[in-house]
Amino acid sequence: MQQTQQQEALSAEELIAQDVGARLPVGSMSWVIAGLALVWSLFQLWIASPLPFMLGVGVLNDTESRSIHLAFAILLAYLVFPFGRRSPRDRVPLPDLGLGLIGALVAGYLFLAYEQLAMRPGNLTDLDFAVACVGIPLLLEAARRALGPALAVIAIVFLGYSLAGPWMPSLLAHRGVSLHALANHQWITTEGVFGIALGVSTSFVFLFVLFGALLERAGAGHYFIQLAFSLLGHLRGGPAKAAVVASALTGVISGSSIANVVTTGTFTIPMMKRVGFSKEKAGAVEVASSVNGQIMPPVMGAAAFLMVEYVGVPYVEIIKHAFLPAAISYIALLYIVHLEALKLGMQPIGSRHPRTWLQRLTGFAFGAALISGLSMAVYYGLGWLKPALGDYALPVVGALLALTYLGLLKIAASNAPLPPEDPDKPLDDLPDTRAVLLSGLHFLLPVVVLVWCLMVERLSPGLSAFWGTVMLVVILLTQRPLLNWLRTDGLHDYGSLMDGVVDLREGLIAGARNMIGIGIATATAGIIVGAVSQTGVGLVLADLVEFLSMGNLLLMLMLTALLSLILGMGLPTTANYIVVSSLLAPVVVALGQQNGLIVPLIAVHLFVFYFGIMADVTPPVGLASFAAAAVSKGDPIKTGITAFYYSLRTAALPFLFIFNTDLLLINVDFAHGVLIFIVATIAMLIFAAGTQGYFLVKSRWYESVLLLLVAFTLFRPGFWMDMVHDPYRETPPAQLAQTLGEVDADSTLRLRLEGPDAVGKVRRFTVLLPVPEGKSGEERLEKLGLMLYEQEGKTLIDSVTFGSTAADLGLEFDQQILSVKAPTDRVRKEFMWIPGFMLFALVVWLQRRRRV
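Residues numbered from 1 in each chain as written. Predicted model: local features only at pLDDT ≥ 70, side-chain atom pairs only at ≥ 80, totals over all residues. Heavy atoms only, no water.

For the chain, the name recorded in an unreviewed UniProt entry is TRAP transporter, 4TM/12TM fusion protein, with Aeromonas diversa CDC 2478-85 as its organism. Here is the UniProt Function (unreviewed entry) comment for the chain, exactly as written: "Part of the tripartite ATP-independent periplasmic (TRAP) transport system." Regarding the chain, the UniProt comment filed under Subcellular location (unreviewed entry) reads as follows: "Cell inner membrane". (UniProt positions renumbered as here; feature names shortened; annotations may be inferred.)

Draft legend 1. Quick look at the packing of helix 12 (residues 196-218) against helix 23 (residues 461-486). Two elements in contact, helix 12 and helix 23, have axes whose closest approach is 9 Å; the angle formed by their N-to-C orientations is 20°. Comparing the axis directions of helix 12 and helix 23 gives the class roughly parallel. Helix 12 and helix 23 meet at a crossing whose hand is left-handed. From helix 12, Ser203, Phe204, Leu207, Phe208, Leu210, Phe211, Leu214, Leu215, Arg217 and Ala218 reach across to helix 23, where they touch Pro461, Gly462, Ala465, Gly468, Thr469, Leu472, Leu476 and Gln479. Across the contact of helix 12 with helix 23, the residue classes break down as 12 nonpolar, five polar and one charged. (Axes fitted to C-alpha atoms, helices over the stretch in contact; angles between N-to-C directions. Helix = DSSP H or I, 4+ residues; strand = E, 2+ residues; numbered from the N terminus. Parallel < 35°, antiparallel > 145°, perpendicular 65-115°, else oblique. Left-handed = near helix turned anticlockwise from the far one by under 90°. Contact = heavy atoms within 4.5 Å. Nonpolar A, V, L, I, M, F, W, Y, C, P; charged D, E, K, R; others polar.)

Draft legend 2. The arrangement of the nonpolar core in detail. Ranked by internal contacts, the top residues of the largest apolar core, which has 221 residues, are Trp40, Leu70, Leu139, Trp187 and Ile520. With residues up to four places along the chain from it excluded, the contact list for Leu70 reads Ala107, Leu139, Trp187, Val193, Phe194, Leu198, Gly519 and Ala523. In terms of nonpolar packing, the next biggest core, distinct from the first, is built from 20 residues, Ala737, Phe765, Ala806 and Ala822 among them. (Core = buried A, V, L, I, M, F, W, Y, C linked by side-chain atoms within 4.5 Å. Buried < 20%, exposed > 50% of the residue type's maximum accessible area, 1.4 Å probe, protein only.)

Draft legend 3. Broad picture of the pairing of strand 6 (residues 816-823). Across four bridges, the pairing between strand 1 (residues 728-731) and strand 6 is antiparallel. Directly across from Glu730, in strand 6, lies its bridge partner Lys821. When strand 2 (residues 748-756) meets strand 6, the two strands line up antiparallel, connected through five bridges. In the sheet register, Glu754 faces strand 6, and the bridge partner there is Gln816. (Pairing = 2+ DSSP bridges.)

Draft legend 4. Spotlight on a negative patch on the surface. A surface patch of like charges, here negative, comprises Asp744, Asp746, Glu773 and Asp825. Here Asp825 is to be found in the loop between strand 6 and helix 38 (833-851). (Patch = residues over 30% accessible without salt bridge, like charges linked within 9 Å, V, L, I, M, F, W, Y side chains within 5 Å. Areas by Shrake-Rupley, 256 points an atom, 1.4 Å probe, with all protein chains shown as cover. Salt bridge = Lys/Arg side-chain N within 4 Å of Asp/Glu carboxyl O. Lys, Arg positive; Asp, Glu negative; His and termini not counted. Charge placed at Lys NZ, Arg CZ, Asp CG, Glu CD.)

Draft legend 5. Main features of the side chain of Thr535. Within the fold, Thr535 resides in helix 24 (residues 497-535). In this structure the side chain of Thr535 is engaged in a polar contact, spanning 2.7 Å, whose partner is the backbone oxygen of Ala531. Apart from residues no more than four positions distant in its own chain, Thr535 is found in contact with Tyr161, Ser162, His174 and Val177. (Polar contact = N/O pair within 3.5 Å; in protein donor to acceptor, adjacent residues only side chain to side chain.)

Here is the structure:
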C-alpha cells in the first residue's frame, strides 16, 4: 500500500526518469555521464558494423562484447540511479562512484583476462573467485536500484537454492553446488550472467533501442502522432482512436510501455478528456494502446530477439508468427474505443464530413493496393537490379536511396513544418491529412531500410539495425540544412548542421540511458537461468506444476499466466519473459504432449510474453497505469482496472493461439492466412462487443453470452467439429507400416508412446509423425528412420536412425507405441463458421429491432 501511495505521488516525468536514471547531476559529472553514454552507443555501433572485420582492428568475440556491455551498464547504473529516495539527485556521492568503477572492472574481467580464462576452463584462481564474489552482489545492487527489489530478490532466492540443495525439502532437494562452482558457473562462464540473455542485449537489443531513440529525436514521434490525429480525429472518439494508432506506431520503435504512455499521452490524454472521456477512461485507452506496442513487431520490447535464441527459429519467422495477433489486438482496441464513443454519445470533431462505409472501404482498398504496388516494385525492381549490376548493385541502390531521400525532403519542404504539440489547442479543426503526411515521409526511409535488410537481404537483426541507424544518422545530420536549401520561399528556418549534430549526440545519449535497465535486467535474469541449468530445478518445477495442475493443460496455462502476472508486477517485461520462459515453457510443451496436444514452442513463448506485458497494466503495481494517471490527473487504480478491462482481448489471444496455432500462421499458406486474418479479426471485434456489453445498442446479458459464443466458434471451429466428427481413426500399433502405406503423403499420424525420458522417468506423450513419400508403408517407415519389433503383444521401437525425422521427434529405443491414429476424411473445421455467423445474425436482428 505504501508503494502504491508513493507511486501515486510521482509525476509522469519522474516515472519515466525511473526507466533511464533519476539522477541528473550538475557540473563535470553530468558531462562524464553523457560521455560514457555516448561512448557506449558508439561502441555498440562499432561492434555491429562490418568495419572491425574490414580494418582488422577491434574485432571482439561474443564473450568480450558482453563483458564490455555489462561494464558500461553497471557503471552508468551506479551513476544515474540513486541508492534510495533520500539520496542526492544533483550530484554523485563518492561511494556510488567507487562502486560503479569496481562494478565496471569486475564486469570487464572476462574481457581483460579472456586469453588466460580460455586456457584454463573450469579452473578458478583466487582472483577469479574474488571477482565473482564481488561482481554478483554489485550486479544485484545495480538491479535493485534500476529495476526495484523484485528481480534482485528472485535472483538471491535462486542463488540460495543452488547452495542449499541438500537441505531443501525432498521434492526440491538436489545434491547442492559448492561456492566455487557457483562462482565459476554464474560469472566466469557464459552459462549465467554472461549467457544468452546478455548476449541478445549486446548484439540486438541495444541497436534497436538506439534506433528508436534516434528516430524519436529526428522528429518521427511527433510526426506519427500528428498523422494519426489528422487521419482519425474527425471520427467519433477521434482523439482516442488517434491515441491507439499513434501508440502503435511509436510502440514499434519503443521498448518501454511507460515511455510510450508519456510520449503520446501528454498530447492525446488531454484531447480525449476534452471530447468527453473521463480521466480514468482517457488514461486507460492510452495505457492499453501503449502497452500493446510491445507485442507489435519488429522490436516487441526486446523479446523478439530473445525468442530467436530460446526457440531457435529465424527472426523473420518470429515476426511472422507475432504479427497477426498484434494487428488483431490493435484493431479490436480501435473498436472498443468506438463502442465507448457510442455509449457516451460523442459526435465527430471539426467540419470534415464523415465518410460512408463505401468510401472507407474504397479508400482502404486503394491504400492497400498502393502499398502493395510500391512494395512489389521495390522488391522485384531491386531484385532485378542486384543480379544485373553485380558488384555495382550496392552503390547503385545507395544512389537510388539518396535520390529518394532528396525527393521526399523536397516534398516536405513544399509543406509547412508541423506545429509543436499543444494539448490545449481548441478542437474546432483538425490538421490536413495530406499536408501532415507529406511533411515527414522521409522518416519512413530508415524503417524501410531496416525491414528490407531483415526481410529481403536476410541480414542479422544487429546488422539490419546498424544499417537502419546509419540512415537515421544521415537524416539527423542533413535534414535541417537540406530543408532550408530546398525551401525557396525562406518562410521557415529548420535549423543548422550544428543543430543536427546536437540531435545526433542527444539521441545517442538517450539510447544508451534507455538501455541501462535492460542491460542490468538481462544480466540479472542470467543468474536465474544459470541456477536452473546448474541445479536441474526445471525438472523439479515441472513435477511441481504438473502436480498443482493435476495434469490439466488449461489449468497449467492459467497457472503460467498467473505467475507471469505476479512476476511482471515487479520485473521489467524482458526479465519477466526470460525468467518465466526458462522455467515454464518446456513444462507446458511436455504437459501438452502428455495430454495429446502438440504445442509449438513459439506459441508458449508468446503466451508467456503476452501475460508479462499485462503486468504493466494490472493494479496495484501497473506502472504504465500510474504514468497515465499522472498525466490525466485521474485515479491510478481505477485507470489500471479500466485498462485491464480494455486489455481482456490481449489476455484472451494467448489461450486461443495455444489451441489454434493457425492464428500464428504456423503451417498456413497465403490464401488460408488471409482468410484466418479476416475471420479472426471479426471474431475479436465480436469478443470486444461481448465484453463491453454494447454492440448496435446496449446488450442484454444473454446477447453478450451469445456474442462470446460466436467469437469462440470463429476462433476455435475445431472444438465443435471434433465433437461432431473425430478427426482421427485408431489403428493397432502393430499395423503402423500398413497405416503409413494407406494414408496420403504429407499427412500426419498421431502416435501415443510410453517410455523413459532424458532423466529415466517413464512418461506418456504424443507426437505428430509426418508421412513421407514412398511406394509402400515399409519404405516410408524406413525413411522416417524407425525399426520396430513385437514382444508379448507390445509394439516397441527397436532402433532410431541418427539424424532422422523420428530422432528429431524424440523417439528412442525401447519406447512402446500405445496407439496409432490416422486422419479421417471429414469436412473442414471451418464449416463450423456457418452456424457461428448464423448465431451472430440472430444477435444483429435482436439489436436492430431495439435500435429502431
